[in-house]
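Residues per chain are reported as follows:
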Amino acid sequence: MMSNINELFGKELKVINMGLDSFGDDLKEQNIKTVQMRWRPPAGGSKKMMSLLSKLK
Amino acid sequence: MIVTKELNSISGVKEVLVGMGTDLNKELTGNLNLMTPEIEELTPNDFYIAVDTEKEEMVFEEVVSKVDELLSKKAESQTSDYQPATFDSAVDALPDANMVVISVPGEYAADEAKKALNKGIHVMLFSDNVPIEKEIELKKLAHEKGLLVMGPDCGTAIINGVPLCFANAVNKGDIGIVGASGTGIQEVSSIIGKLGSGITQAIGTGGRDLRAEVGGIMMIDGIRALQKDPNTEVIVLISKPPAKEIEEKVLNTLKESDKPAVVHFIGGDPEVAKAYGAYAGLTLEDTAYKAVALSRGEEVVDVVDFTRDKEELEKAAKEEATKFSQGQKYLRGLYSGGTLAYEALQILQEKGIDGYSNIPLKSEFKLEDVFKSKAHTVLDLGEDEFTVGKPHPMIDPSTRIDVILKEAKDPEVAVILLDFVIGYGANRDIVGEILPGIIKAREYAEKEGRHLTFVAFVCGTNEDPQNLEKCEVTLKENGVYVLPSNAQAVRFSEKLISSIK
Amino acid sequence: MVMEKINAANDKALEIILNGQPSLVGIGKCLDVVPGMTEKTLLHAGPPITWDKASGPLRGAMMGALIYEGLAEDEESATKLLESGEITLDPWHHHDGVGPMAGVASASMPVFIIKNETYGNYSYCTLNEGLGKVLRFGAYNKEVIDRLKWMERVLGPLLKEALELHGPMDLKTLIAQMLQMGDEGHNRNKSGTGMFIRAIAPHVAATSFDLQDKIDVLKFMDSNDHFVLNLTMPACKATLDAAKGIPYSTIVTTQARNGTEFGIRVSGIEGGDRWFTAPAEYIDGLYFPGYSQEDANPDIGDSVITETAGIGGFAMATAPAIVQFVGGTPQDAVNYSTSMYEITHGENNVYQIPFLNFRGTATGIDIRKVVETGILPVINTGIAHKDPGVGQVGAGIVRPPMKCYEDALQAFVEMLEKEGLV
């Protein structure tokens, strides 16, 4: 059975960069299709809000 | 971080901390002896600047205006493409994404990785401080779905020729690597490239993959993928020695195909690999040489000596040793790459030198104060104790320069050994930025009537943005001894030390 | 389980919003047509407020309205009256209506009557007085009062007759076309006003009024780019009100400010009637020459109902000129609008953004998404001077206080906990 890892090999890499901008910039410099996220902690890091949100999931 | 770096270069600034009023930053502020009741009161939503300086007014004003300048500069450059705020909207923007690179804080990283895996997307998980239970959960999920989870705490990977995070541009070839060590992968893959050969993939597993609890899930899946990969002819494994039962599992997996394998368990017993029919790499460099030999169908030999100019190097070592003044006898290895520092300690130990360190081979050689070197010392400056509140030394050389200058002031220091890790992710002019520190250190020592010898190697390739050759030439032009690998740089350093009468 | 319930409720709410068909059906006297109106009531923008907490523009507008109604002679007597408690102050939102800026309306004022043809509910709004020294910015001098009287005697009745001749006017189509012509329906309304005048002009001409009145009416509308704002606002109000009170829905059906506080109401929380308030923010924008941040009043007005319904700031990409007000680029306008998709339940079916391949605007703000992403709705708005009667001093971008959303989320969860659902 071909695992999905082998499927990845030889395919054009298309990357979502979640975090440090520099990693995304480096990929873009090499013409790799990259979406740079503007990630921030869920609920601004508020544990109280995260707990409320998780009750609704 | 970048802001801190720029601010530190303002004359009159001894120390500066710029950031939000989080508990961590407050702690750091306390460490810098800059805490005030005002700062205590701050909340994580408050932004503050703390400066240690003699010339209060002038300097502080300059700092504040520089902060403004830098922060608003950053905002401007982001006025281009929309940057999705959530994973879901990122997938909307790139529906056929096949890799997510995650470097967000550890407490959030696992949940984000899970989202990616559930969407069938491979993950490069650079983040550390991810609880091990979450790592296990993620890897089991990835295994089920046949996906990669490279990490947590995975700094290096090269997939389909694309360097991810801290990795080098290495030509394509038929050698596949699976590694649990970032700079380990960097050194091996770079040397393979330098030898004119190349790689198919370099799969990172993160540092904990081979622990008993994790069970080597990613290493085994990686090996199997390389075994199935029609382009891969030779398989290389790099990691610290695994737990016994994991070792068996992993090495048994190698037997599932005929492809030859070179196994390097850093500091481990080479006989182990041989017992499973694999070749044993004795150093990172040797591992690379062996893989290339296998790829070319050449004889596999141990490469554990200087690979060129051996006579010149031995002569140079003897000559240099005569220049030291009375009392200079110690080596200080100041590393940005953890595995490279570790390898240095291994090689020194083989030569009968027990190095002190913040990551010692034996506990009795742990430095009491990591900021006070002792006898022969090798430091991993990428470790937490040195990087609190600062970027990693592969990006920001200021800590290393500080330490270089400190070591230069120690009258017993003779040789300073440095690694220069280039490639993507690393500082684009690491040599140029550290050189002034080297020059200043040398001058200082000379004024005191001492001679300092600098030894270095550059981990990277000519295809890296910094260009290996250019880096090596610049260092040589400035009187630094440049060796082609970590192993050789360590050996040359040892030769220098042992040549001192 | 509970997530499916909420998503289904939100689907329903969004469906209702997208099916809304707001139509201008008439003009009437506030006292006659607005539910619950009395001769001693003053309606205002935003959540409930008392006289003592009101900001400069709101106070000025309230005093002006009393003088206009003949209930007070001057500032002093108006103030006394308002302090006495004899005058009832109530949000427009409690009476199916909306008001821009101070949004103050009194019994004798003419109001537009909007009907949501799909669901049968109505909404109301005064007619826009124009720019500069006007009641909605808190001005109350003779000029203001005289103009209000003219609007009562001439503008209102004339347009009422013209509208009867025209027949009901489809506001949904009007807004959709505005968006294709560089407007966004909140802070940029030039093309919409033009289209309204074009549609109504022949019928203005055909009314029974004097030639001079007709000329004055046409000139009056033409002199004010924002005339149509007082139609886009109640159109959005009528659309959203139909989606109030869907059990378990986390969609925002009201956002409003009174110059002191910002308030929101959520469809599934107490029938969509409960307010969640927090101090209103100051606007980040550009000031007209001679003015600066120090002169500004906090955020004020019901006009944020436009963003709540998916236009205004949510359609900023259709009005790139707006971004100049934050010193930004046209790409910023696009980015703002794009970021709104992260916090809404869906997209609009009729209000589209040509620049984004005619993608529908983000519609149906979900409080869960706002809190989780930390992205607050972006609002394009004018900046009022903090002193009554000075007028608009700038324009820019503002966001609601996160506290409103966090409080609403907490209340929603507590509600479900009481029901034993979480």
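These numbers come from a predicted model, not from an experiment.

Where do I start with the overall build of chain B in this structure?
When you go through chain B residue by residue, the secondary structure sums to 19 helices and 18 strands. Against the 2.2 N^0.38 benchmark of 23 Å for 501 residues, chain B shows a C-alpha radius of gyration of 23 Å, consistent with a compact globule. Looking at chain B as a whole, 50% of its 501 residues qualify as buried. Restricting to contacts in chain B with at least 6 residues of sequence separation, those with at least 24 account for 67%.

What is the right way to look at the interface of chain C and chain B in this model?
Accessible area lost during the coming together of the parts is what is often quoted as the interface size. On the chain B side, the residues contacting the 10 residues of chain C number 6 residues. Looking at which element gives the most residues to the side of chain C that touches chain B, the answer is helix H11 (residues 330-339) of chain C, with 5 residues. In the side of chain C that touches chain B, the residues fall into 2 nonpolar, 6 polar and 2 charged.

When you look at the domain arrangement of chain B in this model, what are you seeing that I'm missing?
Residues and elements named next belong to chain B. One can read the domain layout of chain B as domain 1 (2-77), domain 2 (82-153), domain 3 (155-304) and domain 4 (310-498). Computed from C-alpha coordinates alone, the two centres of domain 1 and domain 4 are separated by 31 Å. With 5 residues of domain 1 at the interface, the matching set in domain 4 holds 5 residues. Per element, the largest residue contribution to the side of domain 1 that touches domain 4 is 3 residues, and it comes from helix H1 (residues 2-8). Of the residues contributing to the side of domain 1 that touches domain 4, the split by class is 2 nonpolar, 2 polar and 1 charged.

Is there a simple way to think about the sheet that holds strand S11 (residues 300-301) of chain C in this case?
Residue and element names in this part refer to chain C. Pairing within the open sheet is antiparallel, and its 4 strands lie in the order S9-S8-S7-S11. Two strands close off the open sheet at either side, each with one partner strand: strand S9 (276-279) and S11. Bridge analysis of strand S7 (residues 252-258) against strand S8 (residues 261-266) gives 5 bridges, and the strand direction is antiparallel. Residue pairing for S8: Ala-256 is matched across the bridge by Gly-263.

Honestly, the packing of helix H3 (residues 56-69) of chain C against helix H4 (residues 75-84) of chain C in this entry has me stumped. Any pointers?
All names here are of chain C. Interhelical geometry of H3 versus H4 gives an angle of 105° and a closest axis separation of 9 Å. The angle between H3 and H4 falls in the class roughly perpendicular. Mapping the contact onto sequence places Met-62, Met-63, Leu-66 and Ile-67 in H3 and Glu-75, Ala-78, Thr-79, Leu-81 and Leu-82 in H4.

Each value, and the rule that gives it
Residues numbered from 1 in each chain as written. Chains lettered and ligands numbered in written order. Predicted model: local features only at pLDDT ≥ 70, side-chain atom pairs only at ≥ 80, totals over all residues. Helix = DSSP H or I, 4+ residues; strand = E, 2+ residues; numbered from the N terminus. Rg over C-alpha atoms; globule rule 2.2 N^0.38 Å. Buried ≥ 20, exposed ≤ 12 C-beta atoms within 10 Å, placed from the backbone. Contact = placed C-beta atoms within 7 Å. Nonpolar A, V, L, I, M, F, W, Y, C, P; charged D, E, K, R; others polar. Domains from an automatic or database assignment. Pairing = 2+ DSSP bridges. Axes fitted to C-alpha atoms, helices over the stretch in contact; angles between N-to-C directions. Parallel < 35°, antiparallel > 145°, perpendicular 65-115°, else oblique.

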